[in-house]
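# Observations on chain architecture
If you want the building blocks of each chain, they are given just below.
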Amino acid sequence: MKNIILLAPPVAGKGTQSKLLVEKYGLAHISTGDLLRDSLKEETDISQKIKDSMNSGRLVDDEIMIELIKERLSKPDCMDGCILDGYPRTLKQAISLDQLFASLNRKIDYVFYLDVDKEILRKRVLGRLTCPNCKSIYNDQIENMNSSNPGICDKCNHTLIKRQDDTEEVFSVRYNTYINEVEPIIVYYKEHKVFYDIKSFGSAEDVFSKIEEILSFN
Ligand code: ADP
């Protein structure tokens, strides 16, 4: 059983690496961004608050996030290990996650830090297209990453969408928020000896093989 955290700036490829990890190791994929977007399909007291934070690139409150992750981690598919994509994003979330795992007699085994240059990320964000149905990710600005039929998902034929927060302006807020929050999280996981720095400038396959190598040695 493996519990893995993918720690990375926005659009660094957490979603793509998660898919590859799910295919190879059969772990449950927990994307807090997807959970939040799905939660917005129903009108609740807090949905406007969540929507405002997401659309402006700010983080959703820790209290909301901690509850959301607690509920998701209690589901049966997580019992054999999971990939946390987009969580934790603050030190408070990281500490409460350890407490939650400890209460379930489990622990974080690996934190993979996907390190990508800001300029690369900025280019990626502007071309990203996502499938709201099966969550596949495409990019119409990057060779070999577009869908065969423009605007249509190759896997489920659903119409692709551009996320509302994938604009230059919102990306800038998301990136700065990330930089402000990530350092103490890195220090925390280094102290816990589960931190692995993955230089992520190559293709998705190159990045995945670096992750696979670490998983096979430990
Ligand atoms: P990306 O990794 O490309 O920024 P995500 O889909 O992971 O995209 O997240 C989109 C938005 O959802 C974030 O900008 C933030 O507003 C919110 N969000 C996701 N995960 C968290 C979290 N762990 N804590 C607070 N807010 C979060």
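Attention here is on the structure that accompanies the text. (Residues numbered from 1 in each chain as written. Predicted model: local features only at pLDDT ≥ 70, side-chain atom pairs only at ≥ 80, totals over all residues. Heavy atoms only, no water.)

## Focus on the pattern of salt bridges
One side chain can pair with another of opposite charge once the charged atoms of both are near each other. This is how the line gets drawn: Salt bridge, as used here, is a side-chain nitrogen of Lys or Arg placed within 4 Å of a carboxyl oxygen of Asp or Glu. In this text, helices come from DSSP runs of H or I with a minimum length of four residues, and strands from runs of E with a minimum of two, each type numbered from the N-terminal end. Buried residues are those whose accessible area, probed at 1.4 Å on protein chains only, stays under 20% of the maximum for their type, while exposed residues exceed 50% and partly exposed ones sit between those limits.
Counted according to the given criterion, the structure contains 16 salt bridges. In this structure, R37 and D34 form a salt bridge, with 3.0 Å as the shortest nitrogen-oxygen distance. A residue pair is termed a helical-turn pair when its members lie 3 or 4 positions apart in one helix, as R37 and D34 do in helix α2 (residues 32-39) at three residues. D34 gets classed as buried once you look at its relative accessible area, which sits at 18%. Here K199 and D115 are joined by a salt bridge, their closest N and O atoms 2.9 Å apart. One end of the pair, K199, is in strand β7 (residues 195-199); the other, D115, is in strand β4 (residues 110-115), with 84 residues separating them in the sequence.

## With respect to α2
Counted only if it meets this: Throughout, a contact is declared for two residues whenever any of their heavy atoms are within 4.5 Å.
Those residues of α2 that fall on the buried side of the exposure criterion are T32, G33, D34 and L36. Packing partners of the buried residues in α2 comprise β2 (28-31), α3 (47-56), α4 (62-73) and β3 (81-85).

## Remarks on the site of the ligand
This is how the line gets drawn: One heavy atom within 4 Å of a molecule or strand is enough for the residue carrying it to be called near that molecule or strand. Any N or O atom pair separated by 3.5 Å or less is treated as a polar contact, with the protein-specific requirement of one donor-capable and one acceptor-capable atom, and with residues adjacent in sequence counted only for side-chain atom pairs. Method for areas: the Shrake-Rupley scheme with a 1.4 Å probe, in which residue coverage is limited to the protein chains shown. All amino acids are sorted into three groups, where Ala, Val, Leu, Ile, Met, Phe, Trp, Tyr, Cys and Pro are nonpolar, Asp, Glu, Lys and Arg are charged, and the leftover types, Gly among them, are polar.
Within the structure, the ligand sits among 20 residues, and K14, T32, R37, R58 and R174 are positioned closest to it. At 3.0 Å, a backbone N or O of V60 approaches a nitrogen atom of the ligand. Between R128 and the ligand, the recorded distance is 3.2 Å, taken from a side-chain N or O atom to an oxygen atom. Starting from 550 Å² of accessible surface for the ligand in isolation, the protein chains cover 97%. Residues belonging to the shell around the ligand are distributed by class as follows: eight nonpolar, four polar and eight charged.

## Digging into the layout of surface pockets
The line we're drawing: Site definitions follow a grid-based scheme: protein atoms alone, a 1 Å grid, a 1.4 Å probe that fits but cannot get out for cavities, and for pockets an open set with protein on both sides within 12 Å along at least five of seven lines, plus lining residues having an atom within 4 Å of a point. Grid points are joined across faces, edges and corners, and a volume is the space filled by probe spheres set on the points.
Taken as a whole, the second largest pocket spans an internal volume of roughly 250 Å³. Around the second largest pocket sit L35, S39, T44, I46, S47, I50, I64, L68, E71, R72 and K75, which together line it. Secondary structure elements with two or more residues in the lining of the second largest pocket: α2, α3 and α4. For the lining of the second largest pocket, the leading source of residues is α4, giving four residues.

The values reported here are purely geometric and, on their own, carry no functional implication.
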